[in-house]
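Structural overview for review
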Amino acid sequence: MLPPVVYFGIGFNALVLTIDGLSPDKGATPISHLTACVGALLVAKAVIGAEMLPFFNRFNGRSRFVLILWKSFLYYILTTVLHVAERAFSASRSSEGFDAGVAADVQAFDWSHFGVVQMWLAILVFTYTSLMVFVRDLGHESVYDAYFR
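Described in the following lines is the structure provided in the data block. Numbering of residues starts from 1 in every chain and runs along the sequence as written. Two thresholds apply to this predicted model, a pLDDT of at least 70 for residue-level local features and 80 or more for giving and counting side-chain atom pairs, whereas whole-chain, interface and lining totals are computed over all residues. Note that water and hydrogens are dropped before the side-chain values are worked out from all heavy atoms of the structure.

1. Details of the overall build of the chain
Looking only at helices and strands, one finds 6 helices and 0 strands in the chain. Put simply, the chain runs from its N terminus to its C terminus through helices and strands in the order α-α-α-α-α-α. Based on the C-alpha atoms only, the size of the chain along its principal axes is roughly 50 × 35 × 25 Å. Considering the chain as a whole, with its 149 residues, one finds that 32% of them fall into the buried category. For this analysis, residues touch if any pair of their heavy atoms sits within 4.5 Å. Of the contacts made within the chain by residues no fewer than 6 positions apart, 68% connect residues no fewer than 24 positions apart. Only DSSP runs of H or I reaching four residues or more are called helices, and only runs of E reaching two or more are called strands; each is numbered from the N terminus. Only protein chains enter the accessibility calculation, which uses a 1.4 Å probe. A residue is then buried if its area is under 20% of the maximum for its type, exposed if over 50%, and partly exposed in between.

2. Remarks on the packing of helix H5 (residues 111-138) against helix H6 (residues 140-148)
Between N-to-C directions, angles span 0 to 180 degrees; the directions come from axes that are lines fitted to C-alpha atoms, helices contributing only their stretch in contact. Where H5 meets H6, the closest approach of the two axes is 6 Å, and the angle between their N-to-C directions is 120°. It follows that H5 is oblique to H6 by the angle criterion. Between H5, through Leu 131, Phe 134, Val 135 and Leu 138, and H6, the contact on the second element is made entirely by His 140, Ser 142, Val 143 and Tyr 147. Should an angle fall under 35 degrees it is taken as roughly parallel, and over 145 as roughly antiparallel, whereas 65 to 115 is taken as roughly perpendicular and any remaining angle as oblique.

3. What about the layout of surface pockets?
Of the grid points, spaced at 1 Å and generated over the protein atoms alone, those admitting a 1.4 Å probe that cannot get out make up cavities, while open sets with protein on both sides within 12 Å along at least five of seven lines make up pockets; any residue with an atom within 4 Å of a point is treated as lining. Grid points are joined across faces, edges and corners, and a volume is the space filled by probe spheres set on the points. The space that makes up the second largest pocket amounts to roughly 310 Å³. Around the second largest pocket sit 13 residues that line it, and Pro 3, Leu 131, Met 132, Val 135 and His 140 are the ones nearest its centre. Those elements that place two or more of their residues in the lining of the second largest pocket are helix H1 (2-22), H5 and H6. When residues in the lining of the second largest pocket are grouped by element, the largest group, 5 residues, is from H6. We call Asp, Glu, Lys and Arg charged. Ala, Val, Leu, Ile, Met, Phe, Trp, Tyr, Cys and Pro are nonpolar, and the rest, Gly among them, are polar. The residue inventory of the lining of the second largest pocket, partitioned by class, reads 12 nonpolar, 1 polar and no charged.

4. Looking at the nonpolar core
Nonpolar core, defined: a set of buried Ala, Val, Leu, Ile, Met, Phe, Trp, Tyr and Cys residues in which side-chain atoms within 4.5 Å join the residues together. Counting residues in each nonpolar core, the largest one holds 20 residues, and the members touching the most others are Phe 8, Phe 12, Val 43, Val 47, Phe 56, Tyr 75 and Tyr 128. When residues of this core are traced back to their parent elements, those giving at least two are H1, helix H2 (30-50), helix H3 (64-93) and H5. Per element, the largest residue contribution to this core is 6 residues, and it comes from H5. In contact with Val 47, not counting residues within four places along its chain, are Phe 8, Tyr 75 and Tyr 128.

5. A closer look at a nonpolar patch on the surface
Note on patches: the residues involved have over 30% relative accessible area and no salt bridge, like charges join within 9 Å, and the nonpolar side chains Val, Leu, Ile, Met, Phe, Trp and Tyr join within 5 Å. Per-residue and other accessible areas were derived by the Shrake-Rupley procedure at a 1.4 Å probe size, with only the shown protein chains allowed to occlude residues. The salt bridge criterion pairs a side-chain nitrogen of Lys or Arg with a carboxyl oxygen of Asp or Glu, the two atoms within 4 Å. Where nonpolar side chains cluster on the molecular surface, the patch consists of Leu 2, Val 6 and Ile 10 and spans about 310 Å² of accessible area. Among the structural elements, Leu 2 can be located in helix H1. For Leu 2, a relative accessible area of 61% puts it in the exposed group.

6. Digging into the pattern of salt bridges
Applying the stated criterion across every chain yields a total of 3 salt bridges. Here Asp 137 ties to Arg 64 by a salt bridge, and the two come within 2.9 Å at their closest N and O atoms. Of this pair, Asp 137 sits in helix H5 while Arg 64 sits in helix H3, and the two are 73 residues apart along the sequence. As a salt-bridge pair, Arg 149 and Asp 145 come within 3.3 Å of each other at their nearest N and O atoms.

7. Section: the packing of aromatic side chains
Stacked, tilted and edge-to-face are the three classes assigned to paired rings of Phe, Tyr and Trp, where Trp is represented by its six-membered ring and a pair needs centres within 6.5 Å; plane angles under 30 degrees give stacked, over 60 edge-to-face, the rest tilted. All told, the structure shown has 10 aromatic pairs when counted by the stated rule. Between Phe 8 and Tyr 128, the aromatic rings sit 5.2 Å apart at their centres with planes inclined by 45°, giving tilted as the arrangement. Placement of Phe 8 in helix H1 and of Tyr 128 in helix H5 is noted, with a sequence separation of 120 residues between them. Ring geometry for Tyr 144 versus Phe 148: centroids 5.0 Å apart, planes at 45°, classification tilted. A residue pair is termed a helical-turn pair when its members lie 3 or 4 positions apart in one helix, as Tyr 144 and Phe 148 do in helix H6 at 4 residues.

Here you go:
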């Protein structure tokens, strides 16, 4: 479980810095980075849980490209659902119940922020999936040699 936690932890903290750079009125706080780390832990658990689904390995006999696209699509859908659920949970805690919190969050919804987060998620998920497929198929030593020697 350590590789996806480290990978998504670094990626989500880079996302926090990106969002901080896009909004000059707010700075990145330690809570933002802590939230990114907790998010990385949740996504890593979701990634590991997704691998146990029966349809996850549907295209194992196909080319690497098809396998990477399929797994990336599933991971992306799962992380998007987690992102929306986290937003709904956060909105419900800060208001007078779930319905009122979600309604307030929908009114204050920022599509540009959501788009930046989803773009980062797509890139992170695709590169993670590609790296994991190549490590599985080629071996740790070959991938290590390709990157560091």
